[in-house]
Structure formats: C-alpha cells, structure tokens
Protein chains: 2
Amino acid sequence: MIASQCPDWIAVDRRGKKLRAWAMADDNTVLATLATSESTEGLDDPGDFEPALLNLIAPWLDDKPVDVIACGPVDRTGGETGKGSGDRVAPPLRPVPCPVRDIDPLLIPSADPRIRIRIVPGLRQDRPADVMRGAETTIAGYLSKEPAFDGVICLPGASTHWAHISAGEVVSFRSFLTFDLFTILAQHSLLRSSLGRSGWDDATFAEAVDEALTRPERLASLLYSVHARDLLQGRDGLVARSRLAGYLVGAELAAARPYWLGQPVTVIASVDRAQIYSRALTRQGLTPRIADETEMTLAGLAGFRGGLDLRS
Amino acid sequence: MIASQCPDWIAVDRRGKKLRAWAMADDNTVLATLATSESTEGLDDPGDFEPALLNLIAPWLDDKPVDVIACGPVDRTGGETGKGSGDRVAPPLRPVPCPVRDIDPLLIPSADPRIRIRIVPGLRQDRPADVMRGAETTIAGYLSKEPAFDGVICLPGASTHWAHISAGEVVSFRSFLTFDLFTILAQHSLLRSSLGRSGWDDATFAEAVDEALTRPERLASLLYSVHARDLLQGRDGLVARSRLAGYLVGAELAAARPYWLGQPVTVIASVDRAQIYSRALTRQGLTPRIADETEMTLAGLAGFRGGLDLRS
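Presented here is a report on the structure given in the accompanying data block. (Residues numbered from 1 in each chain as written. Chains lettered and ligands numbered in written order. Predicted model: local features only at pLDDT ≥ 70, side-chain atom pairs only at ≥ 80, totals over all residues. Heavy atoms only, no water.)

### Structural notes on the environment of aspartate 104 of chain B
Then comes step 1: Tracing the sequence through the fold places aspartate 104 of chain B in the loop between strand S6 (98-99) and strand S7 (106-108).
Then comes step 2: Sequence separation between aspartate 104 of chain B and arginine 14 of chain B is 90 residues; the distance between their C-alpha atoms is 18 Å. (Helix = DSSP H or I, 4+ residues; strand = E, 2+ residues; numbered from the N terminus.)

### Some details on the relation of the copies chain B and chain A
Then comes step 1: Rotating chain B by 180° about the axis while translating it 0.0 Å along that axis superimposes it on chain A, leaving an RMSD of 0.0 Å. When the rotation and shift are considered jointly, the pair of chain copies conforms to a two-fold rotation axis. Within chain B, glutamate 217 of chain B has its C-alpha nearest the rotation axis, a separation of 2.3 Å.
Then comes step 2: Comparing contact sets, 100% of the residues at the interface of chain B also lie at the interface in chain A, consistent with an isologous, same-surface contact. (Least-squares fit on C-alpha atoms with pLDDT ≥ 70 in both. Contact = heavy atoms within 4.5 Å.)

### Observations concerning the packing of helix H3 (residues 178-188) of chain A against helix H6 (residues 237-255) of chain A
All names here are of chain A.
Then comes step 1: As a packed pair, H3 and H6 sit with axes 10 Å apart at the nearest point and diverge in direction by 150°. By the angle class used here, H3 and H6 are roughly antiparallel. Note on packing geometry: the crossing formed by H3 with H6 is right-handed. Of H6, the residues touching H3 (which contributes Thr178, Leu181, Phe182 and Leu185) are Arg241, Leu244, Ala245, Leu248, Val249 and Glu252.
Then comes step 2: Here the contact of H3 with H6 is built from residues that sort into 7 nonpolar, 1 polar and 2 charged. (Axes fitted to C-alpha atoms, helices over the stretch in contact; angles between N-to-C directions. Parallel < 35°, antiparallel > 145°, perpendicular 65-115°, else oblique. Left-handed = near helix turned anticlockwise from the far one by under 90°. Nonpolar A, V, L, I, M, F, W, Y, C, P; charged D, E, K, R; others polar.)

### Notes on unusual backbone geometry
Residues and elements named next belong to chain A.
Then comes step 1: Put simply, arginine 127 and proline 128 share a cis peptide bond, and its omega is -10°.
Then comes step 2: Within the fold, proline 128 resides in the loop between strand S9 (123-125) and strand S10 (130-132).
Then comes step 3: One non-glycine residue, asparagine 28, lies in positive phi territory at about 70°.
Then comes step 4: Topologically, asparagine 28 is positioned in the loop between strand S2 (18-24) and strand S3 (30-35).

### Some thoughts on the interface of chain B and chain A
Then comes step 1: Taken together, the 51 residues of chain B in the interface contact 51 residues of chain A.
Then comes step 2: Of all residues in chain B, Tyr224, Leu231 and Leu232 of chain B bury the most surface against chain A, accounting for 17% of the area lost on that side.
Then comes step 3: For the pair chain B and chain A, the interface holds 0 salt bridges.
Then comes step 4: For the side of chain B that touches chain A, the element with the highest residue contribution is helix H5 (residues 219-233) of chain B, accounting for 13 residues.
Then comes step 5: Counted by class, the side of chain B that touches chain A contains 20 nonpolar, 14 polar and 17 charged residues. (Buried area = accessible area lost by both parts, 1.4 Å probe. Salt bridge = Lys/Arg side-chain N within 4 Å of Asp/Glu carboxyl O.)

### Concerning the sheet that holds strand S5 (residues 94-95) of chain B
Then comes step 1: Spatially, the 3 strands line up as an open sheet ordered S5-S9-S10 (chain B), and their pairing is mixed. The sheet is open, and its two borders are formed by S5 and strand S10 (130-132) of chain B, each paired with just one other strand.
Then comes step 2: Note that strand S9 (residues 123-125) of chain B and S10 of chain B share 3 bridges and pair antiparallel. Paired with leucine 123 of chain B across the strands is methionine 132 of chain B, a residue of S10 of chain B.
Then comes step 3: Helix H5 (residues 219-233) of chain A contacts S9 and S10 of chain B of the sheet and is inclined by roughly 85° relative to S10 of chain B. (Pairing = 2+ DSSP bridges.)

### Observations concerning helix H9 (residues 293-306) of chain B
All names here are of chain B.
Then comes step 1: Over its 14 residues, H9 runs 20 Å from end to end, which matches the ideal 20 Å to within 8%, given 1.5 Å per residue.
Then comes step 2: Here H9 lies mainly inside the structure; 10 of its 14 residues are buried.
Then comes step 3: Every buried residue belonging to H9 is among Glu293, Met296, Thr297, Leu298, Ala299, Gly300, Leu301, Ala302, Phe304 and Arg305, and all of these are buried.
Then comes step 4: N-capping of H9 is provided by aspartate 292, with a side-chain oxygen placed 3.3 Å from the backbone N of threonine 294. (Expected span 1.5 Å × (residues − 1). Buried < 20%, exposed > 50% of the residue type's maximum accessible area, 1.4 Å probe, protein only. Polar contact = N/O pair within 3.5 Å; in protein donor to acceptor, adjacent residues only side chain to side chain.)

### A few points about the pattern of salt bridges
Residue and element names in this part refer to chain A.
Then comes step 1: Across all of its chains, the model carries 26 salt bridges over all chains by this definition.
Then comes step 2: Here aspartate 13 ties to arginine 15 by a salt bridge, and the two come within 2.9 Å at their closest N and O atoms.
Then comes step 3: Measuring nitrogen to oxygen at the nearest pair gives 3.1 Å for the salt bridge that ties aspartate 202 to arginine 279. Here aspartate 202 is found in helix H4 (residues 202-214), whereas its partner arginine 279 is found in helix H8 (residues 271-283), with 77 residues between them in sequence.
Then comes step 4: On the basis of relative accessible area, arginine 279 is assigned to the partly exposed category, the value being 31%.

### A short note on the sheet that holds strand S6 (residues 98-99) of chain A
All names here are of chain A.
Then comes step 1: Ordered by their spatial adjacency, 6 strands build an open sheet running S6-S13-S12-S11-S14-S15, and the pairing between neighbours is mixed. Looking at the sheet topology across the chains shown, the edges are occupied by S6 and strand S15 (289-292).
Then comes step 2: In this structure, strand S12 (residues 160-166) lies alongside strand S13 (residues 169-176), joined through 7 bridges in antiparallel fashion. Of the residues in S13, the one forming a bridge with serine 166 is glutamate 169.
Then comes step 3: Lying over the sheet, H8 contacts strand S11 (151-156), S12, strand S14 (265-269) and S15, oriented at roughly 155° with respect to S14.

### Looking at the pairing of strand S4 (residues 66-71) of chain A
Remember that side chains alternate between the two faces of the sheet whenever the strand is regular.
Residues and elements named next belong to chain A.
Then comes step 1: Counting buried positions along S4 gives 6 out of 6 residues, so the element sits mostly inside the fold.
Then comes step 2: Residue alternation in S4 divides its side chains into two sets, Val66, Val68 and Ala70 and Asp67, Ile69 and Cys71, and both sets are buried.
Then comes step 3: Relative to S4, strand S1 (residues 9-15) runs parallel, the two sharing 5 bridges. The residue bridging valine 12 from the neighbouring strand is alanine 70, located in S4.
Then comes step 4: Relative to strand S8 (residues 115-119), S4 runs parallel, the two being bridged by 5 bridges. When the sheet's bridge partners are listed, aspartate 67 is paired in S8 with arginine 116.

### Focus on the packing of aromatic side chains
Residue and element names in this part refer to chain A.
Then comes step 1: Under the counting rule described, the total for this entry stands at 8 aromatic pairs over all chains.
Then comes step 2: Here the aromatic rings of phenylalanine 179 and phenylalanine 182 are separated by 6.5 Å at their centres, their planes lie at 65°, and the arrangement is edge-to-face. Separated by 3 residues within a single helix, phenylalanine 179 and phenylalanine 182 lie in helix H3, roughly one turn from each other.
Then comes step 3: For phenylalanine 182, a relative accessible area of 10% puts it in the buried group.
Then comes step 4: Among the aromatic residues, ring-to-ring pairing joins Phe179, Phe182 and Tyr277 into one connected group.
Then comes step 5: A cation over an aromatic ring shows up here: arginine 273 above the ring of phenylalanine 179, its NZ or CZ 4.3 Å from the ring centre. (Phe/Tyr/Trp six-rings, centres within 6.5 Å; stacked < 30°, edge-to-face > 60°. Lys NZ or Arg CZ within 6 Å of the ring centre and 35° of its normal.)

### Considerations on the pairing of S15 of chain A
Residues and elements named next belong to chain A.
Then comes step 1: Bridging between S14 and S15 involves 4 bridges; their strand directions are parallel. Residue pairing for S15: threonine 266 is matched across the bridge by arginine 289.
Then comes step 2: With H8 bridging S14 and its parallel neighbour S15, the resulting β-α-β unit is right-handed. (Right-handed = clockwise from strand over helix to strand, strands pointing away.)

### Quick word on the side chain of serine 175 of chain B
Then comes step 1: Locating serine 175 of chain B in the fold gives a position in strand S13 (residues 169-176).
Then comes step 2: A distance of 2.8 Å separates a polar atom in the side chain of serine 175 of chain B from a polar atom in the side chain of aspartate 130 of chain B.
Then comes step 3: Separated by 2.7 Å, the side chains of serine 175 of chain B and histidine 161 of chain B make a polar contact.
Then comes step 4: Leaving out residues up to four positions away in the same chain, serine 175 of chain B has contacts with Ala220, Ser221 and Tyr224 of chain A together with Asp130, Val131, Thr160 and His161 of chain B.

### Looking at the side chain of arginine 229 of chain B
Then comes step 1: Take arginine 229 of chain B: it is sitting in helix H5.
Then comes step 2: Comment: no salt bridge for buried arginine 229 of chain B; closest opposite-charge side chain is glutamate 211 of chain B, at 4.2 Å. (Lys, Arg positive; Asp, Glu negative; His and termini not counted.)

And the structure:
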C-alpha cells in the first residue's frame, strides 16, 4: 500500500488482547495489514478498544470518514442485553439457533469523526451458558464459500469454539478455554520452568491426547505430571510442551465428543493450531477439512460490509 | 523476639515462590516468623533459594553459625537422581512407599559461614510419575502427633497432594495443579475480568463442585462457562470466583476419588483451603478431620532436627 493512499474500508478483528486491522480496497483486496502483539498493553479492558484501534490504524486515516467493520469483544459491556454500564451502545448478542450470514453490523457512536465503526454482533446460548464473539464472523466467511456445509466447525483460538452448523445456521456451540490455559500454564504456573519455548514432538503429543481422552477427569493431575516427569525423567522442554498441549487438547476432545463424533468436521485456524487439531482428530478416525482463519474472518467481514448501503 | 537474640535454629519452608522462616528456640518454641510475599521477585528459579533465604533471615544472623532445617523445592535441580547440572548437592528424592519420619535431612554446602543448611528430601513416585517436595514434612509432623493414623491425607497448597498413609509410610500419592490453576486463571486468563478479588458464595461453590464431579471431563468447557455466565447473567465477581473454585476442586475430587472414597481423610491446610476441601468432602458423605498446615510443617521440621546430633 502506498502510504498516502487511504483504504476504502477497514476490516478489524479482535481476539483476546490481539487486534488485527486490514486496509481494504472496494473490491475487497487487502492493501495492508497491521496487528498489535499478543501482549499489547491497554487492551486488558474491552472498553479500551477504540483508543487502541485508532492508535493502530492512524497511518490509514485522513479527513474523509472511513467505514470500519469490526468483530470480536470490542465493546465494554460485551454486548449482552440489559446489563453493563458502559457508555458504548453495543449490538446485543444473538441467541442460537440463528443464521450467521445475513445480518447487519451495528453502527456505534465513535468519538473520532474519521471513522464510522460497525460491529458484528456475537452469539449467545443460554443452556449451557456460552458466548461467541468474533468466531461467528469466521463461520460466516466459511459459509460464504461453502453455503451447503452441514456439520461441525471447530475454531481453535485463545478459546476453542465447536459449532454445529445446519442450513446456514449455528444450531448450538460449546467453548473451551484450551489455548488460553496452555499459554498461562506455560508462562505463569509451576510448569513454566519445565516447558520449552518452542518445538514439537508428535509422538508425545499423540500419546498425551490418547491419555487425556481416556481419562479426561484426571486433567489437573495430568497437568501436574508434566512437572513431575520433568523432575524425574529429565528436562526436555520440547517434549513437556507437546505433552501439555496433548493433555489439554485431549481433554477438550473428550468433552466435545458429542460435537465431532460421526460428523463432517472443518477446522478453521492458523496453520499451527489447525495441524494440532487435525492430528488429534485424525487419530479418532476423522478426516477433518482445514480452512485458514484469517482468510475466513476477512471473507466474513467483507460479507457483512456487502450487506450495507455504505453510501447512505 | 528481642532483636539482639539469635535463634537456636531456624526452620524454613518453601512452597512455590513463597519462603517462610521461623526463628526457633532450642525447645522448639517459635521466637519470630518471617515470610516473603507470594510474588517475591528472584524466587522464580529454585537456584535462587539461598540468596533469597539469606536476605529474609539476615536480622537473625550473627557470627555464630546457626542450623537451618529446610523443606520444599529449595535446590536448583529438584533433588532428583542423576540429572541436572546445578552446583548444589541436593538430597535425592526418596521413592515411595517409604516412611516419612525417621530420616535425616542432608547437609548441603553453603556459601555463607553463618548458616548450616540441612534439607529434607522430598518424595518421588515413578508410576504414575509424581513428586512431592515440602508436603512430606507436613505429613511427618502430623504423624508425629498421630502416629497410628491410617488413611488419606489431603494437602491443598499451590498444588494439592493426596497421600495414602499406612503404618507410618506414604504408600502412594497423587498431585493436582488446582490452586495454582485457580490463581493464574484469576490473574491472567480470559476469566480475570469476571472474577472478584475476594468473597465467597457457598451455594455456588457446592453447585459447581457437584457439576464438575458429575462431568469432570468437561473442565475446560466449565472454565469457559464462568466467562459466558458473567456476560449473560451479570457481573457478580464473588459468585464467579466461587464457581471457578468449585469447578477446579470438583474436578480434582473426581480424579482423586480412589484416594478418598471410603477412607478416613485428614485435610492439612491453611484455614481457608481446609474449609473449602472440608465443605466439598462433606458433601460426598465424608467427615474429614482438619489440621493446621503451618503447625504440622513446623512439627515436621522440629522432628527432623531432633534426629540430628547438632553438636557434632
């Protein structure tokens, strides 16, 4: 992108503390990409979204207002109905079952005249209590390319969502705190000195998935055993890291079994996470399809933009 | 304690990042107590033990060497046999089954002539892989008061250990990363904004224990639900905090069932944690006995000192 060229619109996704923005042309080609790091300060509170966003996309702004389509937990109150005291008007979460494609993002007031922010509403489920904010856009992007898909979509992010899709609707979903757990265990727990910073051992991962799938109720004990094995059997941080991932993913698969058993499954994730889930699911006799999370999220945001009359 | 009076010996316990020291008289009365905070810098690495200890107990030291009896993960390599490259000679972990009372702490070289450090060896179990460093001293203290105890001791600390005791020996044990998980989830995860800093709701805790005991394999999903319930049902940090504790303790009880089912159980912990486990176990039809963790740990350290000829 030429620095002096301003985008026709801006796509924004927030997941956890990470904020990603794409400068988009009118035909939905990506002109430029910007992202905060995972550990960006000032994104602890959803209410900090707009200042963080303005800071991130400042190079793309000029005097002419530009449309921003955003998904994820971008608002202070979380977009639930009837609670919260934030000063932002957020779109209410939509109860499942509901279609995910033909909906209108909600225009929210912005303190800065250079942007007009529209937010994609997330999904809610009352029994069991669950919320999804951001992944519904990724699902919408996937369904724009595979409109006849009927089955289960697995979306491993900081949290992993499993969504049952039928006739263009999210019928139900269940969410797991899997990678968030992995990250904080690796950084802050007793296990932190046992884990390598990178590397992968596939055999250890597979063994750990099987162990956790067989006895998922032992998760807290399995987690401690990563520490014990390090002390008793030697410090190989790479193996310990793969074992921890295997225990967490295995326990998740055990609990998500009603979702994936006997179903066509598509995993939408970054390459690393897609491979991890694909390996684990393949061991259960499935042949999951893989799709790229960034591509699907962008397709979802572009689809929501397309539904608007932006010149009004 | 009068500031100019030096202790006859010093009892030291390390659990996680927390270091506690007691200035002791020869008759094992406590003259003074010092402790680091949970978040003390410089205690990330077990190798930092001696500098941190010297810093903590400096007010008690003079030119005459004083005996220090210490338990917990105080050494760099963890005390396992045949591995590690630390410069400290640590006592090897002792394999279970083994007695816990009549053992000699190991004198380790100290860089400072004012202290003579003896370290209580921890316990190891090879199948399933497990280690205990510190809690074996608490158990020894309890058995010094209840030498005929036959049953199960539950020791909830940053990690919780369940130990099967028979004829003065630890027969087997299993450890769980429960309160460490609670703490890092509360401080660092997606859940952090949902949890209150304090407070307790007993009905919510009990309900969550039951839920996790019934479906322990769903733990990662239950954890996410704390976040979802916050968004959907209202921000009550006290309730969310009790629910999180209930899920973690319930999942632990499910996995530790072979330990507590039909057994006499003694919970040795701080008052708060003892109450939490006592409530959860009482709901399962048990009548657990309670003992104070600090008192038992001190009794254990004093017992190990008594076994030494300190004037040699």
